[in-house]
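So you can see what is in the structure, the chains are spelled out below.
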Amino acid sequence: MASVAASSPISFAASFLKIKAFPLSPRFFPIRTLRCSVSSSSSEPIEFDISFAPPKPKPSSTRGGATPQQLFIPWIVRGDDGTLKLQSQPPARLIHNLAIDATTQNPKKKEKPKKKQPQATSSSATSSSSASSPASHLELKPKLSKAARRFYNENFKEPPQRLSKVLAAAGVASRRTSEELIFDGKVTVNGILCNTPQTRVDPSRDIIYVNGNRIPKKLPPKVYFALNKPKGYICSSGEKEIKSVISLFDEYMASWDKRNPGTPKPRLFTVGRLDVATTGLIVVTNDGDFAQKLSHPSSSLPKEYITTVVGDIHKRHLMAISEGTVVEGVHCVPDSVELMPKQHDIPRARLRIVVHEGRNHEVRELVKNAGLEVHSLKRVRIGGFRLPSDLGLGKHVELKQSELKAMGWKN
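Note that this is a predicted model, so its numbers are computed, not measured.

Overview of the confidence of the model for the protein
On average, residues of the protein score 77 in pLDDT, and 70% of them reach the 70 mark or higher. Counted against residues more than four places away or in other chains, residues 1-29, with its pLDDT under 50, gives 32 contacts. Here residues 120-140 scores under 50 on pLDDT; set against residues more than four positions off or in separate chains, the count is one contact.

As structure tokens, this is what we get:
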């Protein structure tokens, strides 16, 4: 596009028209205005300017002023006839699959129309805004599906338990003492006085108070120990007892908060009992179901004892023990009786007796009924678990799951 400015209209002919341009320095390029002159034989020369429109913007070029070149990406494609060929465009099948993946991975979510809330009056709006303003900034947590909640409740969440059992597991007292507290009206559940130990409660949801003290929502974990009981200790957790086997765990309980911060301490008790003069293996735990399973006579769990007797043992003694005796109104017969070989460091005779009922003083009554006197009694095995030989008197070791299964416990 050019514009021509002149003082008077002039007609030109190609034969006699001559245009002269004044040269410009190359540094002024690109040229925007060109000055020209037109001369003829009959008139004086006419000078005029030709102005050029600015050029259209060009796309960004590469560095150094070089013209950009198209990037060539080779594609090796197998044709329908099975031969490989080279082409500059990607195959159409690939482009189609990429388009499908993009639509499936990023589906467009349909926006639900927001429900219009009714406008409140000025007085009610001011009062409600002040009360609901803190809650309006809180974000609601996403709710799980019904299937997810059902799976969690069936596999992980513990079902509601009896109130007396929950109190015993929380370390308030034994189950029997917890029942007495409930009957005495010292336990409330969700602010209501409860007098029934069989009431089903959930510690994580229900608010339980005993003598004005709240039971923690999180119950202590279940622990299992094997203790080598020394002589002179009784299997009682009462506070009045001075030499109790539970006192052997004082050091362990003192360091509980360091090893398990924020977790309530367990209330330990023995599984079954050994009398004051009996030594050896005894299990200590806070799991009531486990203790009931192992100590009940119906479990028929074999227990092995080593008995040292006074005097010599004859065949008639072994036959008398094998025939059994009456203990607590029940005729008890041992599973096996064996005379152990003598040792140089132990001059007295020893018997290996295995029983499964676990009646009170059952082994002592069997030996006494045979006309023998017990010098010492030691339990060395419960089920498939044997007392470790390197476990000293008064020491304990935590039981593993495999050792609990050896005792017949299936959790």
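Next, the rest of the story.
Comments concerning helix H8 (residues 288-295)
For H8, the full list of buried residues reads Phe290, Ala291 and Leu294. Considered in projection along H8, the buried side chains sweep an arc of 95 degrees and stay on one side of the axis. Buried residues belonging to H8 abut strand E12 (224-229), strand E13 (269-270), strand E14 (278-285), strand E15 (303-310) and helix H11 (401-406).

Thoughts on a positive patch on the surface
A contiguous patch of positive charge on the surface is contributed by Lys143, Lys146, Arg149 and Arg150. On the secondary structure map, Arg150 appears in helix H3 (residues 146-155).

Considerations on the environment of Gln161
Its place among the elements puts Gln161 in strand E6 (residues 161-162). Judged by its relative accessible area of 16%, Gln161 is buried. The spacing of Gln161 and Arg200 is 39 residues in sequence and 5.0 Å in space, taken between C-alpha atoms. Those residues in contact with Gln161, other than ones at most four positions away along the chain, are Val166, Thr199, Arg200 and Val201.

Structural notes on the pairing of strand E19 (residues 350-355)
Of all the six residues making up E19, five are buried; the element is thus mostly covered by neighbouring parts of the structure. In this structure, E15 lies alongside E19, joined through six bridges in antiparallel fashion. Of the residues in E19, the one forming a bridge with Ile306 is Arg352. Bridge count between strand E18 (residues 336-340) and E19: five bridges; the pairing is antiparallel. When the sheet's bridge partners are listed, Glu338 is paired in E19 with Arg352.

Things to note about the packing of aromatic side chains
Evaluated as defined, the whole model comprises four aromatic pairs. Centre to centre, the rings of Phe225 and Phe249 are 5.4 Å apart; their planes meet at 55 degrees, and the pair counts as tilted. One end of the pair, Phe225, is in strand E12; the other, Phe249, is in the loop between E12 and helix H6 (250-254), and 24 residues separate them in sequence. Its relative accessible area of 1% is what places Phe225 among the buried residues. Look at Phe249 and you get buried, because its relative accessible area is 1%. Their ring planes at 75 degrees and their centres at 5.0 Å tell us that Phe225 and Tyr252 sit as a pair that is edge-to-face.

So, the sheet that holds strand E11 (residues 213-214)
If you trace the four strands from one edge of the open sheet to the other, you get E8-E7-E10-E11, paired in antiparallel fashion. Two strands lie at the open edges of the sheet, namely strand E8 (192-193) and E11, each paired on one side alone. As paired elements, strand E7 (residues 187-189) and strand E10 (residues 208-210) share three bridges and run antiparallel to each other. Bridging across to E10, Thr188 finds its partner in Tyr209.

Considering the side chain of Arg350
Relative to the elements of secondary structure, Arg350 occurs in strand E19. The charged side chain of Arg350 is buried without a salt bridge, its nearest counter-charge being Asp345 at 7.0 Å.

Here we look at helix H5 (residues 175-183)
Buried within H5 are the following residues: Ser178, Leu181 and Ile182. Looking down the long axis of H5, one finds its buried residues gathered within 100 degrees of arc, a one-sided arrangement. Along H5, the residues that are exposed and aim more than 90 degrees away from the buried face are Arg176 and Phe183. Looking at the packing, one finds that the buried side of H5 touches helix H4 (163-169), E7 and E10. One or two residues past the end of H5 sits Gly185, with phi positive at roughly 75 degrees.

The rules behind these values
Counting restarts for each chain: residues are numbered from 1 in the order of the written sequence. Totals for whole chains, interfaces and linings use all residues, but because this is a predicted model, local features are given only for residues with pLDDT of at least 70 and pairs of side-chain atoms are given and counted only at 80 or more. The basis for every side-chain value is the complete set of heavy atoms in the structure, and neither hydrogens nor water enter the calculation. On a range of 0 to 100, pLDDT expresses the predictor's confidence in each residue. When checking whether two residues touch, look at their non-hydrogen atoms; a contact exists if any pair is within 4.5 Å. Residue exposure (1.4 Å probe, protein chains only): buried if accessible area is under 20% of the type maximum, exposed if over 50%, otherwise partly exposed. A run of H or I in DSSP becomes a helix once it reaches four residues, and a run of E becomes a strand once it reaches two; helices and strands are each numbered from the N terminus. Arc definition: it is the arc formed by the directions from the helix axis to the C-beta atoms. Like charges are joined within 9 Å and nonpolar side chains (Val, Leu, Ile, Met, Phe, Trp, Tyr) within 5 Å, but only among residues with over 30% relative accessible area and no salt bridge; these make up the patches. Shrake-Rupley sampling with a 1.4 Å probe provides the accessible areas, and residues are treated as covered by the protein chains on show and by no other component. The rule for a salt bridge is simple: a side-chain nitrogen of Lys or Arg has to be within 4 Å of a carboxyl oxygen of Asp or Glu. Only four residue types enter the tally: Lys and Arg on the positive side, Asp and Glu on the negative side; His and the chain ends are excluded. Working definition for charges: the position is that of NZ of Lys, CZ of Arg, CG of Asp or CD of Glu. Two strands qualify as a pair provided DSSP detects at least 2 bridges between them. Aromatic pairs are defined between Phe, Tyr and Trp rings, using the six-membered ring for Trp, whenever the two ring centres lie within 6.5 Å; interplanar angles under 30 degrees are classed as stacked, those over 60 as edge-to-face, and all others as tilted.

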